[in-house]
Amino acid sequence: GQQLNQSPQSMFIQEGEDVSMNCTSSSIFNTWLWYKQDPGEGPVLLIALYKAGELTSNGRLTAQFGITRKDSFLNISASIPSDVGIYFCAGQRNRDDKIIFGKGTRLHILP
Amino acid sequence: ETGVTQSPTHLIKTRGQQVTLRCSSQSGHNTVSWYQQALGQGPQFIFQYYREEENGRGNFPPRFSGLQFPNYSSELNVNALELDDSALYLCASRSGGSETQYFGPGTRLLVL
């Protein structure tokens, strides 16, 4: 079946550093999504991308939809303690289709 | 706060038992999806309901079944529980005209 490869699996950074994570797929998606999940919560949508090449920002977060439609990245600038959590990339072939999730990137911020 | 609620929050069952999990969608959302999230993994799609009919299913056996009610609340039923069914079960709702799905906090199921 379809799989998303998300990397890195985990990151340990200092507060204030920038963060970059990415996601690749063996097949094409027409929508790329980035979610954050905090402990005891469901995933919360951060950014949605609908067009190949699209670059979208949401505050300190920036995500891009790869030209090949098989990859996406998420950058977080000037990290703060509340950025700690698990970040998931996800893809959809079309808007009524199931969402396929990556395995997540665990972000830790060192004191 | 997404407006999607799930009950119960936690549940312990033994192998072979049956379980029913419930989801109350955000007001006006007529589409609900269920996902299974094993420890350390991303959520995996189980099935989707639109206006009380199943209209999409992932790679899960028939002992996973669901219902959607006229008020768009939903149930996930799992029969003949197996140890590997231990996971966080998430529901997500959206309105028919929107692509954005809103997730509930999940029900954590432990099968012993």
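Refer to the structure printed above.
Let me begin by describing the structure that accompanies this report. Position numbers for residues count from 1 along each chain, tracking the sequence in the order it is written. All chains are assigned letters beginning at A, and all ligands numbers beginning at 1, according to the order in which they are written. Under the rules for a predicted model, residues below a pLDDT of 70 receive no local features and side-chain atom pairs below 80 are neither given nor counted, while totals for whole chains, interfaces and linings still include all residues. Side-chain numbers come from the whole structure's heavy atoms, not from hydrogens or water.

Quick word on the overall build of chain A
- Across its full length, chain A holds zero helices and 11 strands.
- When the helices and strands of chain A are listed from N to C terminus, the series reads β-β-β-β-β-β-β-β-β-β-β.
- Since a compact globule built from 111 residues should have a radius of gyration of about 13 Å, the 13 Å found for chain A is in line with a globular shape.
- In terms of overall dimensions, chain A has a C-alpha envelope of 40 × 25 × 20 Å along the principal axes.
- Within chain A, contacts between residues at least 6 apart in sequence are counted, and of these 53% link residues at least 24 apart.
- Reported accessibility uses the Shrake-Rupley method at a 1.4 Å probe radius. Residues are deemed covered only where the shown protein chains occlude them. Entry remark: accessible area of chain A is about 5,400 Å², with carbon and sulfur atoms responsible for 50%.
- Lys and Arg are tallied as positive, Asp and Glu as negative. Neither His nor the chain termini are counted. Every charge is mapped onto a representative atom, which is NZ of Lys, CZ of Arg, CG of Asp or CD of Glu. Positive and negative charge centroids in chain A, built from 10 and 10 side chains respectively, lie 11 Å apart. Elements are defined by DSSP. Helices are runs of H or I of four residues or more, strands are runs of E of two residues or more, and each kind is numbered from the N terminus. For this measure, only C-alpha atoms enter the radius of gyration; the expected value for a globule follows 2.2 Å times N^0.38, where N is the number of residues. Here, residues are in contact when the closest pair of their heavy atoms is within 4.5 Å.

Remarks on the packing of aromatic side chains
- Only Phe, Tyr and Trp rings are paired, with Trp represented by its six-membered ring, and only when their centres lie within 6.5 Å; those with planes under 30 degrees apart are stacked, over 60 edge-to-face, the remainder tilted. Summed over all chains, the structure comprises 10 aromatic pairs over all chains.
- Note on Tyr35(B) and Phe45(B): the rings are 5.7 Å apart at their centroids and 70 degrees apart in plane angle, and the pair reads as edge-to-face. With Tyr35(B) in strand 4 (residues 31-37) and Phe45(B) in strand 5 (residues 44-50), the pair connects residues that are 10 residues apart, well separated along the chain.
- Where Tyr35(B) meets Phe103(B), the ring centres are 5.4 Å apart and the plane angle is 50 degrees; that geometry is what we call tilted. One end of the pair, Tyr35(B), is in strand 4; the other, Phe103(B), is in strand 10 (residues 102-103), and 68 residues separate them in sequence.
- For Tyr35(B), a relative accessible area of 0% corresponds to the buried category.
- Burial status follows relative accessibility: with a 1.4 Å probe on protein chains alone, a residue under 20% of its type maximum counts as buried, one over 50% as exposed, and anything between as partly exposed. Look at Phe103(B) and you get buried, because its relative accessible area is 3%.
- Through pairs of rings, three or more aromatic residues link up here, namely Tyr35(A), Phe88(A), Phe101(A), Tyr35(B), Phe45(B) and Phe103(B).

Considerations on the layout of surface pockets
All names here are of chain A.
- Every definition here rests on a 1 Å grid over the protein atoms only: cavities are sets of points where a 1.4 Å probe fits but cannot get out, pockets are open sets enclosed by protein on both sides within 12 Å along at least five of seven lines, and lining residues have some atom within 4 Å of a point. Grid points are joined across faces, edges and corners, and a volume is the space filled by probe spheres set on the points. As a volume, the second largest pocket reaches approximately 320 Å³.
- Surrounding the second largest pocket, 20 residues form its lining, Gln-37, Asp-38, Pro-39, Ile-86 and Arg-106 being those nearest its centre.
- Broken down by secondary-structure element, the contributors of at least two residues to the lining of the second largest pocket are strand 9 (85-92) and strand 11 (105-110).
- Its residues assigned to classes, the lining of the second largest pocket shows eight nonpolar, seven polar and five charged. Residue classes follow a fixed rule: Ala, Val, Leu, Ile, Met, Phe, Trp, Tyr, Cys and Pro count as nonpolar, while Asp, Glu, Lys and Arg count as charged, and any other residue, Gly among them, counts as polar.

Here's the deal with the interface of chain B and chain A
- At the interface, 19 residues of chain B touch 18 residues of chain A.
- The term buried area refers to how much accessible surface (probe radius 1.4 Å) is lost by two components on association, counted for both of them together. Carbon and sulfur atoms supply 51% of the area buried between chain B and chain A, which totals about 1,600 Å² over both sides.
- When the area that chain B buries against chain A is broken down by residue, the three leading residues are Pro43(B), Glu99(B) and Phe103(B), summing to 31%.
- The term salt bridge refers to a pairing of a side-chain nitrogen on Lys or Arg with a carboxyl oxygen on Asp or Glu at a separation within 4 Å. Across the contact surface, chain B and chain A share zero salt bridges.
- Counted as a polar contact is a pair of N or O atoms within 3.5 Å, where, for protein atoms, one must be capable of donating a hydrogen and the other of accepting one, and residues adjacent in sequence contribute only when both atoms are in side chains. If you look at where chain B meets chain A, you find one residue pair in polar contact (both at pLDDT 80 or more).
- Secondary-structure elements contributing two or more residues to the side of chain B that touches chain A are strand 4, strand 5 and strand 9 (87-94) of chain B.
- Here the element with the most residues in the side of chain B that touches chain A is strand 9 of chain B; it accounts for three residues.
- Of the residues in the side of chain B that touches chain A, the class split is seven nonpolar, 10 polar and two charged.

Purely geometric numbers; function is a separate question.
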